Structures are given as structure tokens and as C-alpha cells.
Amino acid sequence: MTADFNKSVRKHDVNLAIVAGEVVGLIEVWPGTDHFWIENIAVHPHRQGMGIGRTLLTHVESKAAQSKLGEICLQTNEAFEANIALYTVLGYKIDKREPFKGGTTVFMSKKL
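Since we're looking at a predicted model, the values are computed, not measured.

Draft legend 1. Representation of the nonpolar core within the structure. Judged by nonpolar contacts, the single largest core of 21 residues is most densely connected at Ile38 and Tyr92. Mapped by element, the contributors of at least two residues to this core are strand E2 (22-31), strand E3 (36-43), helix H2 (52-66), strand E4 (71-77), helix H3 (81-89) and strand E6 (103-111). Among the elements that line this core, the one with the most residues is H2, at 5 residues. Not counting chain neighbours up to four residues away, the residues in contact with Ile38 comprise Ile27, Glu28, Val29, Leu57, Val60, Ile72, Cys73, Leu74 and Tyr92.

What follows is the structure in C-alpha cells.
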């Protein structure tokens, strides 16, 4: 990855999931003019399937609602089928798909 994480931490809202003193997940977001944008969400591989991703997403939905923003948007790689399935179960819809570097980017959103 080529992300500048120092810049991300300074400019975006990064929330951590911590279990027994261990960072097990994170979500990076920022508010737009009419929506919250999820830039990154990650859960440690050994902690996946435990509801941590759902908890992080629920937290962001609450923050977006408090900010009176009516939508949350994100993008993911089509190859991450489990992620797309989770987002869909949680009420996100696929808005569009675009080819990107030999794969496909999936753009999703959820109205609050």
C-alpha cells in the first residue's frame, strides 16, 4: 500500500477497536458535505468473524447521524466478496462498478 498514514491520522477520524489492550481493528472516515466517507476499515485476521467490523460500522453510522449527514459511502474491491456481503447485510447498496488496474472497484452507499 502507498497510503500516507501519518497524513491520514492528522486529517481524518480514525477509530480503533481494542480488545484486552490489543488493537484489533480500525475504521478511518471523514465527513463530506452530504455524506460520511469510509476510507479504510480493517480487522486483524485472527479477530475476523467476531463482529468487530459490524461494531466499527455501527459506530460510524451513529457519528454520521449525529452530524446530520444522511449517507455513508465507501468503495471496495470486487474480489472482497465477504466484505461486500457484510455491507449488503448491513443495508449498503451497490451504486456502481468500475474497472481499476485489472480488477473492479465497487462503490457502495447507505442512506441513514
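Draft legend 2. Broad picture of the pairing of E4. The element E4 is extensively covered by neighbouring structure, given that 5 of its 7 residues are classed as buried. Pairing between E3 and E4: 3 bridges, direction parallel. Bridge pairing in E4 links Ile38 to Leu74. You can see the chain leave E3, run along H2 and come back into E4, and the turn it takes is right-handed. Pairing between E4 and E6: 7 bridges, direction antiparallel. Residue Ile72 lies in a different strand from E6, and its bridge partner there is Lys110.

Draft legend 3. Inspection of the sheet that holds strand E5 (residues 93-100) at higher detail. Strand order in the open sheet formed by 6 strands is E1-E2-E3-E4-E6-E5, with mixed pairing between adjacent strands. Each edge of the open sheet is held by one strand with a lone partner, namely strand E1 (13-19) and E5. Each adjacent strand pair in this sheet contributes to an overall mean axis angle of 25°, direction not counted. Of the strands in this sheet, E3, E4, E5 and E6 touch H3, which is tilted by about 160° from E4.

Definitions and limits used
- Residues numbered from 1 in each chain as written.
- Predicted model: local features only at pLDDT ≥ 70, side-chain atom pairs only at ≥ 80, totals over all residues.
- Heavy atoms only, no water.
- Core = buried A, V, L, I, M, F, W, Y, C linked by side-chain atoms within 4.5 Å.
- Buried < 20%, exposed > 50% of the residue type's maximum accessible area, 1.4 Å probe, protein only.
- Helix = DSSP H or I, 4+ residues; strand = E, 2+ residues; numbered from the N terminus.
- Contact = heavy atoms within 4.5 Å.
- Pairing = 2+ DSSP bridges.
- Right-handed = clockwise from strand over helix to strand, strands pointing away.
- Axes fitted to C-alpha atoms, helices over the stretch in contact; angles between N-to-C directions.

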